[in-house]
Amino acid sequence: MQLSYWEKTEWLSGIDFTIIGSGITGLNCALALREKHPKSRILVLEKGILPQGASTKNAGFACFGSISELLDDLNTSTEEDMVKLVEKRWKGLQLLRKNLGDKKMDYRQYGGQELFLKGNPQFFEACLENIDRINGLLQPVFNEDVFTVKKNIFGFQGIQDRYIFTPFEGQINTGKMMQALLKLCSRKDIRILNATEVLDFKDTGNKVAVKTDRFEFSTEKLFIATNGFASNLLKEDVLPARAQVLVTKPLKNLKIKGTFHLEKGYYYFRNIQDRILFGGGRNLDISGETTIEFGETRIIQDRLEEILKTVILPGTSYEIDQRWSGIMGVGKHKDPIVKPLSGNVYCGVRLGGIGIAIGTWTGKELAALAD
Ligand SMILES: Cc1cc2nc3c(=O)[nH]c(=O)nc-3n(C[C@H](O)[C@H](O)[C@H](O)COP(=O)(O)OP(=O)(O)OC[C@H]3O[C@@H](n4cnc5c(N)ncnc54)[C@H](O)[C@@H]3O)c2cc1C
């Protein structure tokens with residue numbers, strides 16, 4: 001693409017900070033940089049016409065981990081590391097709420113519950129037995145008991161008659177949250193160029209040369225926030241992980257309100273006003289879902305529909321309105337990789353299934369690497 005003198009001088013010269021990826025991590029990184037460097041030139045490059053990974057595709061759970069997920073994490077990390085991760089998620093959520101305001105993203109703290117299928121009572125018992133332990137571990141973060149037991153008040157079927165509930169979980173309107181973040185960036189003179197894919201970069205010591213599919217330029221510092229697509233630009237322990245969701249048409253007299261988890265977080269559903277959004281099932285085909293291609297598959301959509309019909313909305317007639325997918329980044333560990341790659345290049349990637357909360361915090365940590 002041939003650039004004019006004006007385009008070169010006003011858009012692509014004297015760039016102090018360039019961020020690759022306009023998801024929740026990249027935009028929060030840009031905002032944190034702006035706070036510390038009010039006069040700098042900040043540029044965000046995004047390959048999609050909208051953010052095209054997970055941040056505009058997710059389920060909008062403002063969550064920090066259900067009890068079974070946290071117990072599962074203890075199989076691969078120490079108690080101290082698990083608590084640290086929850087703390088970052090929790091702080092990230094508070095930061096997101098502070099930066100945008102609850103109203104702008106339609107934040108509602110209805111509470112979150114984990115349901116347990118009837119077929120596996122031992123798993124349910126194990127989670128019940130560990131409530132006090134996990135509450136004790138999380139006491140320094142929340143100063144209150146995080147998990148309690150509640151009766152099945154929503155009439156779900158095929159599950160144990162009680163849920164494990166946390167009042168600290170909420171839900172947001174993901175679209176509104178991302179719109180608000182983008183508007184805030186624009187107000188803070190952070191320039192975002194869409195439909196621009198970064199193909200390569202080179203740290204030359206005092207600058208970074210950046211090659212996109214449209215033009216080349218240089219920047220003082222480069223921040224990579226490309227999550228599930230990270231392996232295109234760097235070699236770290238992060239693989240793409242597709243996640244599929246569906247949403248119903250509006251339902252008459254829908255009583256279900258809140259966010260719900262099933263099977264160690266592999267399934268999740270919530271109300272969006274009077275609709276149900278339901279996603280998950282990646283565990284049915286891990287290798288097939290290790291992809292950067294968007295799309296839905298029969299095996300996963302069929303299982304979602306089966307659970308919707310038999311567990312979530314038994315005896316209710318409903319129609320599916322839309323289906324879509326998004327791409328996350330996962331690896332051996334659940335904590336994000338936030339580190340320098342060279343003197344002037346940094347990355348903040350591997351935001352898994354709880355990225356709304358931790359993405360905000362990761363963006364801030366990523367920006368701080370350049371201090
Ligand atoms: C279906 C689904 C449901 C989810 N539900 C929840 C939930 O309820 N709660 C929760 O906390 N988390 C949820 N998540 C996870 C959460 O959405 C992610 O962890 C979070 O959005 C990650 O943000 P990010 O900015 O790091 O990555 P992304 O949002 O993926 O942003 C990365 C961006 O980089 C761009 N990019 C990539 N490569 C390049 C390149 N070479 N050049 C330019 N741009 C590039 C991509 O287009 C993308 O926009 C869900 C995810 C999915 C997919």
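Keep in mind that this is a model prediction, so the values were computed, not measured.

## Focus on the overall build of the protein
The secondary structure content of the protein amounts to nine helices and 18 strands. By the compact-globule yardstick of 21 Å for 371 residues, the protein fits well, its C-alpha radius of gyration being 21 Å. Counting only C-alpha atoms, the protein reaches 65 × 45 × 40 Å along its principal axes. The burial tally for the protein puts 50% of its 371 residues in the buried class. Counting only contacts in the protein whose residues sit at least 6 apart along the sequence, the fraction spanning at least 24 positions is 73%.

## Things to note about the site of the ligand
In the neighbourhood of the ligand, 38 residues make up the surrounding shell, with T25, E46, S55, F61 and G352 lying closest. Side-chain polar atom of N58 to an oxygen atom of the ligand: 3.1 Å apart, as the coordinates give it. The backbone of V198 places a nitrogen or oxygen atom 2.9 Å from a nitrogen atom of the ligand. Considered on its own, the ligand offers 1,000 Å² of accessible surface; in the complex 99% of this is hidden by protein. Counting only elements with at least two residues in the shell around the ligand, the list comes to α2 (24-36), β12 (239-248), β16 (320-330) and α9 (355-368). Element by element, the count of residues in the shell around the ligand is highest for β16, at three residues. Class assignment of the residues belonging to the shell around the ligand gives a composition of 19 nonpolar, 15 polar and four charged.

## Topic: the packing of helix α4 (residues 79-100) against α9
α9 packs onto α4 with a crossing angle of 85° between their chain directions and a minimal axis gap of 7 Å. Relative to α9, the element α4 is oriented roughly perpendicular. Between α4 and α9, the contacting residues are L85, K88, R89, K91, G92, L93, L95 and L96 on the first element and I356, A357, I358, T360, W361, K364 and E365 on the second. Residues of the contact of α4 with α9, tallied by class, amount to eight nonpolar, two polar and five charged.

## Notes on the side chain of S325
Looking at the secondary structure, you find S325 in strand β16. Looking at S325, the relative accessible area reads 4%, which means it is buried. Of the polar contacts made by the side chain of S325, one reaches the backbone nitrogen of G295; its length is 2.9 Å. With residues near it in sequence (within four places) discarded, S325 still touches K57, R242, A243, Q244, F294, G295 and E296.

## Concerning α4
Taking 1.5 Å of rise per residue, the 22 residues of α4 would be expected to cover 32 Å, and the 32 Å separating its terminal C-alpha atoms lies within 8% of that figure. Residues of α4 that are buried include every one of M82, V83, L85, V86, R89, W90, G92, L93, L95, L96 and L100, and no others. Buried residues in α4 make contact with β3 (61-62), α3 (67-73), α6 (131-142), α7 (174-187) and α9. Count one or two residues on from α4 and you reach G101, which has phi positive near 90°.

## Quick word on the sheet that holds strand β5 (residues 148-151)
Spatial ordering of the open sheet is given by β5-β6-β4-β13-β14-β15-β12-β16, a layout of eight strands whose pairing is mixed. Whereas interior strands pair on both sides, the edge strands pair on one side only; in this sheet they are β5 and β16. The average undirected angle you get between the axes of adjacent strands in this sheet is 25°. As paired elements, strand β14 (residues 267-272) and strand β15 (residues 275-280) share six bridges and run antiparallel to each other. Bridging from a neighbouring strand, N271 pairs with I276 of β15.

## Considerations on unusual backbone geometry
Positive phi outside glycine occurs at D106, with the angle close to 55°. In this fold, D106 is placed in the loop between α4 and β4 (112-115).

## Things to note about the domain arrangement of the protein
One frequent convention defines the size of an interface as the accessible area lost when the parts assemble. Split into domains, the protein comes out as domain 1 (5-56 + 175-236 + 334-368) and domain 2 (110-170 + 238-330). Relative placement of domain 1 and domain 2: their C-alpha centres are 31 Å apart. On the side of domain 2, nine residues touch domain 1, which itself brings 14 residues to the contact. Both faces considered, domain 1 and domain 2 share a buried interface measuring about 940 Å² in area, 63% of it formed by carbon and sulfur atoms. When the area that domain 1 buries against domain 2 is broken down by residue, the three leading residues are G228, F229 and R350, summing to 39%. At the boundary of domain 1 with domain 2, the tally comes to zero salt bridges. Linking domain 1 with domain 2 are four residue pairs in polar contact (both at pLDDT 80 or more).

## Some details on the pattern of salt bridges
Summed over the entire model, instances satisfying the criterion amount to 19 salt bridges. The partner of E306 in a salt bridge is R303, and the shortest N-O contact between them spans 3.4 Å. Taken as a pair, E306 and R303 lie in helix α8 (residues 298-312) at a separation of three residues, close to a single helical turn. Because the salt bridges share partners, they merge into one network encompassing D237, D335 and R350.

The rules we used
- Think of each chain on its own: its residues are numbered from 1, step by step along the sequence as written.
- Since the coordinates come from a predicted model, pLDDT governs what is reported: local features require at least 70, and pairs of side-chain atoms require 80 or more to be given and counted, while whole-chain, interface and lining totals use all residues.
- Only hydrogens and water are removed before side-chain values are computed, so all heavy atoms of the structure are retained for them.
- By the criteria applied, helices consist of DSSP H or I runs no shorter than four residues and strands consist of E runs no shorter than two, each listed in order from the N terminus.
- Here the radius of gyration uses the C-alpha set of atoms, whereas the globule reference equals 2.2 Å times the residue count to the power 0.38.
- Between buried and exposed lies partly exposed: a residue is buried under 20% and exposed over 50% of the maximum accessible area for its type, with that area taken using a 1.4 Å probe on protein chains only.
- Here, two residues are considered to be in contact whenever any of their heavy atoms come within 4.5 Å of each other.
- Residues are labelled near a given molecule or strand when at least one of their non-hydrogen atoms is within 4 Å of it.
- The term polar contact refers here to a pair of N or O atoms within 3.5 Å; inside protein, the definition further demands a hydrogen-donor-capable atom paired with an acceptor-capable atom, and it admits residues adjacent in sequence only when both atoms are side-chain atoms.
- Using the Shrake-Rupley algorithm and a 1.4 Å probe, accessible areas are obtained, with residue cover drawn only from the displayed protein chains.
- Under the convention adopted here, Pro, Cys and the residues Ala, Val, Leu, Ile, Met, Phe, Trp and Tyr are nonpolar, Asp, Glu, Lys and Arg are charged, and Gly plus all remaining residues are polar.
- Angular values range over 0 to 180 degrees, each being the angle between N-to-C directions of two axes fitted as lines to C-alpha atoms, with helices fitted over their stretch in contact.
- In these notes the angle categories are as follows: under 35 degrees is roughly parallel, over 145 is roughly antiparallel, 65 to 115 is roughly perpendicular, and the rest is oblique.
- A helix is expected to span 1.5 Å for every residue after the first.
- Paired strands, in this sense, are two strands between which DSSP finds at least two bridges.
- Note that domain bounds follow an automatic or database assignment of domains.
- What gets called buried area is simply the loss in accessible area from a 1.4 Å probe that two parts show on being joined, summed for both.
- Any Lys or Arg side-chain nitrogen located within 4 Å of an Asp or Glu carboxyl oxygen qualifies as a salt bridge.

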